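Summary of structural features
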Amino acid sequence: MKILVTVKRVVDFNVKIRVKADGTGVELANVKMSMNPFDEISVEEALRLKEAGKASEVVVVSIGPAKAEETLRTALAMGADRAILVETEDQVEPLAVAKIVKGVAEAEQPGLIIVGKQAIDDDSNQTGQMLSALLGWPQGTFASKVEIGDGKVNVTREVDGGLQTVELKLPAVVTTDLRLNEPRYASLPNIMKAKKKPLDKKSPADFGVDTRPRLKVLKTEEPSGRKAGIKVKSVAELVEKLKTEAGVL
Ligand code: AMP
């Protein structure tokens, strides 16, 4: 079985985000970019399934600018076999991403597609769900455990009340949550080897997908800063202030 994994290039999660002066978005010039953390978890899970003999090939796909090749090379250095870059300079919204990945899936015929639960830049949490709907495949979202069986996959999901396990018929779409696994680091020899692994380049037009945005960003704002704290001398004073000043009691 082939596993297709989506990986997005996003601002590194350690970077302190700055909003552009005109409020149209966040500053991306000279900012460290990395693989979306949920996608690292997806790549790790696909590799573990391959190592356990449940998958034969791991193919990674990214939709983004030429520099997204670096992100794909990182996935190849972790151990993925092959990469596909669907190159575009547009900011591609989840629906267009899902349509493109559907096209890739039709060409590649994977048994399982692993998608991150959300991209930490747009926080949409939409792509996996839209992809499953477009393909007409079952979906298991927010996976904290993935077990492949005979023609099926059991996905344990993190839900409000605890954990829920669902059985999906393959092919299926699974979206990954934080506690699924801890992604490996790519070793230096593997980073060198990854430079020679196959990477195909495509364009959204190859899949007949129009990537022009459907949404218009009206405003981007930084969260208001935290107010300085104060020290109180006694519990009684704390309760008094919570009642009279903070108004939370
Ligand atoms: P979102 O729906 O934007 O929060 O993204 C959820 C997941 O969809 C991400 O974790 C990625 O796995 C995938 N995804 C979104 N955008 C892209 C993209 N441009 N290229 C590859 N994968 C993407």
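Residues numbered from 1 in each chain as written. Predicted model: local features only at pLDDT ≥ 70, side-chain atom pairs only at ≥ 80, totals over all residues. Heavy atoms only, no water.

**A few points about the packing of aromatic side chains**
Our working rule: Centres within 6.5 Å make a pair out of two Phe, Tyr or Trp rings, where for Trp the six-membered ring is used; the pair is then stacked when the planes are under 30 degrees apart, edge-to-face when over 60, and tilted otherwise. Two conditions define a charge sitting above a ring: the NZ of Lys or the CZ of Arg must be within 6 Å of the ring centre, and it must be within 35 degrees of the ring normal.
Counted according to the given criterion, the structure contains zero aromatic pairs. Above the face of the F142 ring, K117 is positioned so that its terminal group lies 5.5 Å from the ring centre.

**Details of the sheet that holds strand β4 (residues 57-64)**
To keep it simple, the criterion reads: Here, a strand pair is defined by DSSP locating no fewer than two bridges between the strands. Secondary structure counts use DSSP, requiring at least four H or I residues in a row for a helix and at least two E residues in a row for a strand, with both numbered from the N terminus. Lines fitted to C-alpha atoms define the axes, with helix axes restricted to the stretch in contact, and inter-axis angles between N-to-C directions lie between 0 and 180 degrees.
If you trace the nine strands from one edge of the open sheet to the other, you get β9-β8-β7-β10-β6-β1-β4-β5-β11, paired in mixed fashion. Strands at the two margins of the open sheet, each flanked by one partner only, are β9 (162-169) and β11 (199-202). Here the strands of the sheet are splayed against their neighbours by 35° on average, with no regard to which way each runs. As judged from the six bridges shared by β4 and strand β5 (residues 82-87), these two strands associate in the parallel manner. The residue bridging S62 from the neighbouring strand is L85, located in β5.

**Description of helix α4 (residues 127-135)**
Definition in use: Each residue's exposure class comes from its accessible area (1.4 Å probe, protein chains only) as a fraction of the maximum for that residue type: buried when under 20%, exposed when over 50%, partly exposed otherwise. Note that the arc is defined by the directions from the helix axis to the C-beta atoms. Residue contacts follow a heavy-atom distance rule, with two residues in contact if any of their heavy atoms lie within 4.5 Å.
Buried residues of α4: G128, L131, S132 and L135, and no others. Taken down its axis, α4 places every buried residue within 100° of arc, on the same side. In this structure, the buried side of α4 is in contact with α3 (94-108), β6 (112-116), β7 (139-148) and β10 (172-176). Of the residues trailing α4, G136 is marked for its positive phi of about 75°.

**A look at α3**
Operational definition: Take the number of residues in a helix, subtract one, and multiply by 1.5 Å to get its expected span.
Taking 1.5 Å of rise per residue, the 15 residues of α3 would be expected to cover 21 Å, and the 20 Å separating its terminal C-alpha atoms lies within 8% of that figure. P94, A96, V97, A98, I100, V101, G103, V104, A105 and E108 are the residues of α3 that are buried. Considering only its buried residues, α3 is in contact with β1 (2-6), β4, β5, β6 and α4. The first or second residue beyond α3 is Q109, which carries a positive phi of 55°.

**Thoughts on the UniProt feature "domain: Electron transfer flavoprotein alpha/beta-subunit N-terminal" (unreviewed entry) in the protein**
Formally: UniProt positions are given in the numbering used here, feature names are shortened, and annotations may be inferred rather than shown by experiment.
Within this numbering scheme, the UniProt entry marks residues 23-211 as carrying the feature "domain: Electron transfer flavoprotein alpha/beta-subunit N-terminal" (unreviewed entry). When the span residues 23-211 is considered, its composition is 30% helix and 30% strand, and the gap between its end C-alpha atoms is 22 Å.

**Re the nonpolar core**
As a reminder of what qualifies: We define the nonpolar core as a collection of buried residues of types Ala, Val, Leu, Ile, Met, Phe, Trp, Tyr and Cys that are connected through side-chain atoms lying within 4.5 Å of one another.
One finds I3, V5, V43, V60, L112 and V153 to be the most contacted residues of the largest nonpolar core, which totals 35 residues. Considering every element that reaches this core, the biggest residue donor is helix α2 (residues 68-78), with six residues. Membership of the second largest hydrophobic core comes to 21 residues, among which are A96, V97, I100 and V209.

**Details of unusual backbone geometry**
In this structure, the amide linkage connecting L170 to the following residue, P171, adopts the cis form with an omega of 0°. Residue D123 is not a glycine yet carries a positive backbone phi of 50°. Examined against the element boundaries, D123 turns out to sit in the loop between β6 and α4. Even without being a glycine, F142 presents a positive backbone phi close to 55°. Relative to the helices and strands, F142 is located in strand β7.

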